[in-house]
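Below are the chains, spelled out letter by letter.
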Amino acid sequence: MRVDDAEPHRRDAATTRVRLLAAARELFLARGYDAVGLREVAAKAGVDVTLIRRYFGSKEALFTEATDVSESVEEIHDATDGEVGRKMIERVLAASQDVDAPLFALLRSSGDPSVVARLNAQLDQSLTRNLAKRITAENPRIRADMVAALLLGIGVQRALLKKKPMASARDGDIAAVFLEAFEAITKLPQRH
């Protein structure tokens, strides 16, 4: 008997959580919160459905964690005024390449009022509040929300709608045009 056979197989909780989150993101992105069941998420991740309750507690908690858009917020918050626009568009362009992007799963499920409230809170915390503090021009909150709208629109057109020419445009070309608009809206100088 091999030593491996003598010891029971140990489950790697961290790996299982990652697989569950990836499966949940993919399914929530494809069909939205209401159309996805826990058994389906578990099957896609290749685990027993009871592990979802063990690791996350509920479908809602799994959805919340799988669609958290606040990661890498520090990078944007710590950016100088001259870099912040570029950091934002880089994140959106990177996310639009990632079919599992949490933001797009949230948007797909945005018919649910609790999802809308959470998306608004996350956008406010991760983007608009910080940006509005930097803007000294009139109506800084409206200007920050306009930047968020541009970023969301770029992401939706590229990743969800696959709209041409946005979906096939080079990242650098999109970034250059976005930065022109960003500077005009925020009045913050950008390094090009």
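Computed from a predicted model, the values in this text were never measured in an experiment.

Basis of the calculations
Residues numbered from 1 in each chain as written. Predicted model: local features only at pLDDT ≥ 70, side-chain atom pairs only at ≥ 80, totals over all residues. Heavy atoms only, no water. Helix = DSSP H or I, 4+ residues; strand = E, 2+ residues; numbered from the N terminus. Contact = heavy atoms within 4.5 Å. Salt bridge = Lys/Arg side-chain N within 4 Å of Asp/Glu carboxyl O. Buried < 20%, exposed > 50% of the residue type's maximum accessible area, 1.4 Å probe, protein only.

S.K.: Pulling in residues and values, what's your account of the side chain of R143?
M.R.: Locating R143 in the fold gives a position in helix α10 (residues 140-160). Apart from residues lying up to four places away in sequence, R143 is in contact with I135, A137, E138, A184, I185 and K187.

S.K.: Tell me what's going on with the pattern of salt bridges, and back it up with residues and numbers.
M.R.: Any two side chains of opposite charge can pair, so long as their charged atoms come close to each other. Overall, the coordinates contain nine salt bridges when judged by the stated rule. Here E65 makes a salt bridge to R17, at a shortest N to O gap of 2.3 Å. With E65 in helix α5 (residues 59-66) and R17 in helix α2 (residues 13-31), the pair connects residues that are 48 residues apart, well separated along the chain. By relative accessible area, which is 24% here, R17 ends up partly exposed. The residue R134 makes a salt bridge to D81 at a minimum N-O spacing of 2.8 Å. Of this pair, R134 sits in helix α9 (residues 113-134) while D81 sits in helix α7 (residues 81-97), and the two are 53 residues apart along the sequence. Linked through salt bridges whose partners overlap, the residues forming this network are D124, R129 and R141.

S.K.: Talk me through unusual backbone geometry; I want residue IDs and the actual numbers.
M.R.: Here K164 and P165 are connected by a cis peptide whose omega angle stands at 5 degrees. Among the secondary structure elements, P165 is positioned in the loop between α10 and α11 (171-186). The backbone phi angle of K162 is positive, close to 55 degrees, even though this residue is not glycine. Its location among the elements puts K162 in the loop between α10 and α11. With a phi close to 65 degrees, K187 is a non-glycine residue in the positive phi region. Within the element layout of this structure, K187 appears in the segment after α11. Residue K187 is classed as exposed on the basis of its relative accessible area, which comes to 54%.

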